[in-house]
Amino acid sequence: MSFLNPTLALFALACVGLPILIHLLFRRRRKPLPWGAMRFVEQAFRRHRRRLQMEQWLLLALRTLAVLVLALAVARPIFSPAPDRIAQLPRDVIILLDNSLTGQTIREGSPALDAAKKRAWAALDALDPARGDRAAVIALASPAQRVVFPPTTELSGVRRAVESVTLTDAPADFAGAALVLRELQPPQNEREQTIVIASELRVGSLNAERITAAALAQSSGIPPEVEVAMPASDEISNVAITAISPLRSVLLRGPESPATQQARVTLRRFGPDVARAATTSVRVRPRSADIEPPWTSTPLQWAPGQDTATILASFTLPATNAPAAASAAPNGPVWLEGAIDEDSLPGDNIVRVPWRDRGQIRVALVAPRESLDPASPGLLSPEGWTALALSPSTSPDELADDRQAVSLRVLDPTRVTESELRPLDAVVLARPDLMPPGSWSDLSRFAREGGLLVVLPPDLESTASWADPFVRSLSLPWRISPPPPEAAPRSVRATDAEHPLLAGLGGELTELLKPVSVRRSLVVATGPEIRPLLAMDSDAPALLASRPGESPRGLVVLMTIAPSLEWSNLPAMPLMVALMQEIVRQGVGVASGAMTVRAGEALDRPDLLRPVSPADAPALEGAARFAGVWRRVDDRGSTVELLAINPETEASSTQVQSVESLRRALSSLLRTDEIRFASPDQPSRDGAPSGVAAPHSSASRPQEPPLDLPLLLAGLVLLLIEGVLARRFSHAAAPQKPDASTLESAAPPAGREAA
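Along each chain, the written sequence defines residue order, and numbers are assigned to residues from 1. Note on the predicted model: pLDDT of at least 70 is required for a residue's local features to be given, and 80 or more for side-chain atom pairs to be given and counted; whole-chain, interface and lining totals, by contrast, use all residues. Calculation of side-chain values draws on the structure's entire complement of heavy atoms; hydrogens and water are dropped beforehand.

Caption draft 1: Broad picture of the overall build of the protein. Broken down by element type, the protein carries 17 helices and 33 strands. The burial tally for the protein puts 50% of its 755 residues in the buried class. Pairs of residues are marked as contacts when any of their non-hydrogen atoms sit within 4.5 Å. Across the protein, the fraction of contacts at a sequence separation of at least 24, relative to all contacts at a separation of at least 6, is 75%. Counting every atom, the protein has about 36,400 Å² of accessible surface; 56% of that belongs to carbon and sulfur. By definition, any uninterrupted DSSP run of H or I lasting at least four residues is a helix, any uninterrupted run of E lasting at least two residues is a strand, and each is numbered from the N terminus. Exposed residues in this analysis have more than 50% of their type's maximum accessible area, buried residues have under 20%, and partly exposed residues fall in between, with area computed by a 1.4 Å probe over protein chains only. Surface accessibility follows the Shrake-Rupley procedure with a 1.4 Å probe radius. Residue values consider only the protein chains on display as shielding.

Right, dumping it as structure tokens:
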């Protein structure tokens, strides 16, 4: 039994003692006053004492019972039909609200988040703040966010907080929500906890196969009860565009830049349509803050059973009025967009990537200038071959030509300083053996700040003067040894043709490699996880690339073959020019570092990010939850670079999961076996709608109606009976005729009467 008015119940029950108190007060002993007929009264009292005491106790019981029944009527008791629903403890309900990318799944014309909010509101309606019930809300979009936490009794404010939760492009973070739940440590047996999971629990929200027993939840207190709606059972097809990257990492504005460019686009599809052939229209276009050109479409044909595909999509650059001799500074923020047609999950139908837009790439060739002059007609030094590959149409006296896409200048090894390196995009180190010891730290700083460093070995027998300082200062995972004696010619093959440095060569790379033969090369030992870009038929590396240490920016490229005809015929082959041009043009973009993040990842200095597209994007508070393009500014408000936030397509899976697999996953994640699934069309065991976790709430379970009216009537009846009996027991209804024995005992003796 429970009471709708527990406070009034306590006050009313205290009134039960009033009849007993009055009874005790009226039993006070009084001083007897003798009078003439006292003996007759005492005799009558002794004869009827037992009957009078029974009457008094009966009246006291009726009065006490009447007050008790009226007190219960004021408290409005309610009897539940099952003993396990008796309210004993106040409750905390923690709602896990799925506002992730998967929550954008369209069902019956509205996103799944709308249905999740209805489940959350139903759970709040089932609570009773008078009993001490509290509620909290955790938004699941990664990283899990405390919308209302810790739990509060202000349920109207919690309801408004649920309404304010918006959809994001991030995955659901159940593990993060479990860590938040660890902060709830109620004392044992003093408060119950229920977790309401408002989510369809598709694979995109919670992949049950990836949940391990190591997932943490509450560390103490009463194990929580978990209530979830029946997981989605309807298969929904979805196509997600997972990545886009321009084939050219740097957009060079100039007369030699082609109007038609290409981008590599990767897509993935889910659901029943995977088993069927289908066609997806892939659209690509370059964008800027003030230019929105039309899309260029490319069809993608899916084969039955194919769930992942990558295509090269062509697009056209918009016309520009910039002069051919563009400055070295970017012409403006430019990014590339890829999109597909709308489907059941609109959030993953578009991705973006910033595109570095430059008028010219500034490169320094570190070598003595006199070494560029041929020793004799037709005989070039290794440094001369390198300069020719970097600037094929320019003589050594005209290397610094602002009309070229690659502006090459010669920098003497003794002048490699931080100030000389600062304006450069790339450094080609043709004579590392001539580098002063102090210059390696400047080169390391240049690379770690986003510069490209290309190192070619000198035509020497020893590497002692430069190999160790080079590897050590840049924290490279290589060990370089001198070249062995001249061996039989070896061929060269591509081992990572998809690497951004080589992707621009495409199918031509294989043909360009065929005539190349190598007689000598450095011996470079690498770890098994390092894959060279080019290798010889002996598996010895020919071209390596690595980030400097743990830095996310910068790129170091090492060619193990000196550009000398004594080592290889490579300098005289067409591959030399094509390879050096691709390394510089593509490497500058790769070295600048990633300019994209996935929704849900942490951000560095989000206060310095300003929205570009969409212009009214929500503010970023520590994490990237919304897709779009932002510009990073410096302390003066000037744009430093663009940053694109793309949807986390791990959350794009609309596949359904079995109840048992979800039960195992949630049991491991939340450390409880009290997990109950309810169908959206059926009430839970408490009679509440799906997802309502209120096992002890009077508003959420089938109950008998309050008993206040029957108890009130019963109390009035008891008062009426008490009044009738009190009047009867008072002997005031009629004069009582004395019996014969009393008269005889009271009559005087005959002799006295005669006298």
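Caption draft 2: Representation of the nonpolar core. Core analysis: the biggest nonpolar cluster contains 80 residues, and Leu443, Phe470, Trp478, Ile480, Leu543 and Val557 have the highest contact counts within it. Here this core gets 9 residues from one element, more than from any other, and that element is helix 13 (residues 574-591). When sequence neighbours within four positions are dropped, the list of residues in contact with Phe470 reads Trp440, Leu453, Val455, Leu476, Trp478, Ile480, Val556 and Leu558. In this description, a nonpolar core means a group of buried Ala, Val, Leu, Ile, Met, Phe, Trp, Tyr and Cys residues linked to one another through side-chain atoms lying within 4.5 Å. Among the nonpolar cores identified, the runner-up in size contains 28 residues, and Ile94, Ala144, Ile197 and Leu666 belong to it.

Caption draft 3: Main features of the confidence of the model for the protein. The predictor rates its confidence in each residue with pLDDT, a number between 0 and 100. Taken over all residues, the pLDDT of the protein has a mean of 82, while the share at 70 or more is 79%. Across the protein, the element-wise mean pLDDT spans from 42 in helix 17 (residues 750-754) up to 97 in strand 21 (residues 452-455). For residues 681-703, every residue scores under 50 in pLDDT, and the model assigns this stretch 77 contacts once sequence neighbours within four places are set aside. Scored below 50 in pLDDT, residues 750-755 shows 0 contacts in the model against residues more than four places distant or in partner chains.

Caption draft 4: Helix 9 (residues 439-448), seen in detail. Of all 10 residues making up helix 9, 7 are buried, and the element is well covered by its neighbours. For helix 9, every residue scored as buried is listed here: Ser439, Trp440, Asp442, Leu443, Ser444, Phe446 and Ala447. Considering only its buried residues, helix 9 is in contact with helix 8 (418-421), strand 20 (426-429), strand 21, helix 10 (467-474) and strand 28 (555-559).

Caption draft 5: Highlighting the pairing of strand 32 (residues 639-646). Note: two strands are recorded as paired if DSSP finds a minimum of 2 bridges between them. Of the pairings in the sheet, the one linking strand 29 (residues 596-598) to strand 32 comprises 3 bridges and is parallel in character. By the bridge assignment for strand 32, Arg598 is matched with Asn646. Across 6 bridges, the pairing between strand 31 (residues 628-633) and strand 32 is antiparallel. What sits directly across from Arg631, in strand 32, is Leu642. Connecting strand 31 to the next strand, strand 32, in antiparallel fashion are 5 residues, including Gly637 with a positive phi near 90°.

Caption draft 6: Up close: the pattern of salt bridges. When a carboxyl oxygen of Asp or Glu lies within 4 Å of a side-chain nitrogen of Lys or Arg, that pair is called a salt bridge. If you walk through the whole model with that rule in mind, you get 34 salt bridges. In this structure, Arg287 engages Glu337 in a salt bridge whose closest nitrogen and oxygen atoms are separated by 3.3 Å. With Arg287 in strand 13 (residues 278-288) and Glu337 in strand 16 (residues 334-339), this pair connects stretches of sequence that are 50 residues apart. The exposure class assigned to Glu337 is buried, which follows from its relative accessible area of 2%.

Caption draft 7: Seen up close, the sheet that holds strand 7 (residues 145-152). Taken in spatial order, the 6 strands make up an open sheet running 7-6-3-8-9-33, and their pairing is mixed. With partners counted over all chains shown, the strands left at the sheet margins are strand 7 and strand 33 (675-678), one partner each. Taking the axes of each pair of neighbouring strands and ignoring which way they run, one obtains an average angle of 20° across the sheet. Strand direction decides the pairing type here: strand 3 (residues 91-97) and strand 6 (residues 134-139), joined by 6 bridges, are parallel. Each residue of the ladder has a partner; that of Ile94, found in strand 6, is Ala136. Fitted lines through C-alpha atoms serve as axes, helices being fitted only where they are in contact, and the angles separating the N-to-C directions of these axes extend from 0 to 180 degrees. Against the sheet, helix 14 (residues 659-670) makes contact with strand 8 (192-198), strand 9 (225-229) and strand 33, and its axis sits at roughly 145° relative to strand 33, the strand it touches most.

Caption draft 8: Quick look at the side chain of Arg632. Among the secondary structure elements, Arg632 is positioned in strand 31. Those residues in contact with Arg632 that lie beyond four places of it in its chain are Asp604, Arg605, Leu608, Leu609, Ser638, Thr639, Val640, Glu641 and Leu643.

Caption draft 9: Quick peek at the environment of Ala651. Of note, Ala651 is situated in the loop between strand 32 and helix 14. Its relative accessible area of 0% is what places Ala651 among the buried residues. For the pair Ala651 and Leu101, spaced 550 residues apart in sequence, the C-alpha separation works out to 6.0 Å. If we ignore the near neighbours within four places in the chain, the residues touching Ala651 are Leu101, Thr102, Pro171, Gly204 and Leu345.

Caption draft 10: How the structure looks around the packing of aromatic side chains. Two rings belonging to Phe, Tyr or Trp (six-membered ring only in the last case) form a pair when the distance between their centres is within 6.5 Å. Interplanar angles under 30 degrees mark stacking, angles over 60 mark edge-to-face geometry, and anything in between is tilted. Counted by the stated rule, this structure contains 4 aromatic pairs. Ring centres 5.7 Å apart and planes at 70° place the aromatic pair Phe315 and Trp355 in the edge-to-face group. Separated by 40 residues along the polypeptide, Phe315 in strand 15 (residues 308-316) and Trp355 in strand 17 (residues 350-358) bring together distant segments of the chain. A relative accessible area of 0% places Phe315 in the buried class. With 6.4 Å between their ring centres and 45° between their planes, Phe470 and Trp478 make a pair best called tilted. Here Phe470 falls in the buried class, since its relative accessible area comes to 0%. In this structure Trp478 comes out as buried when scored by relative accessible area, which is 6%.

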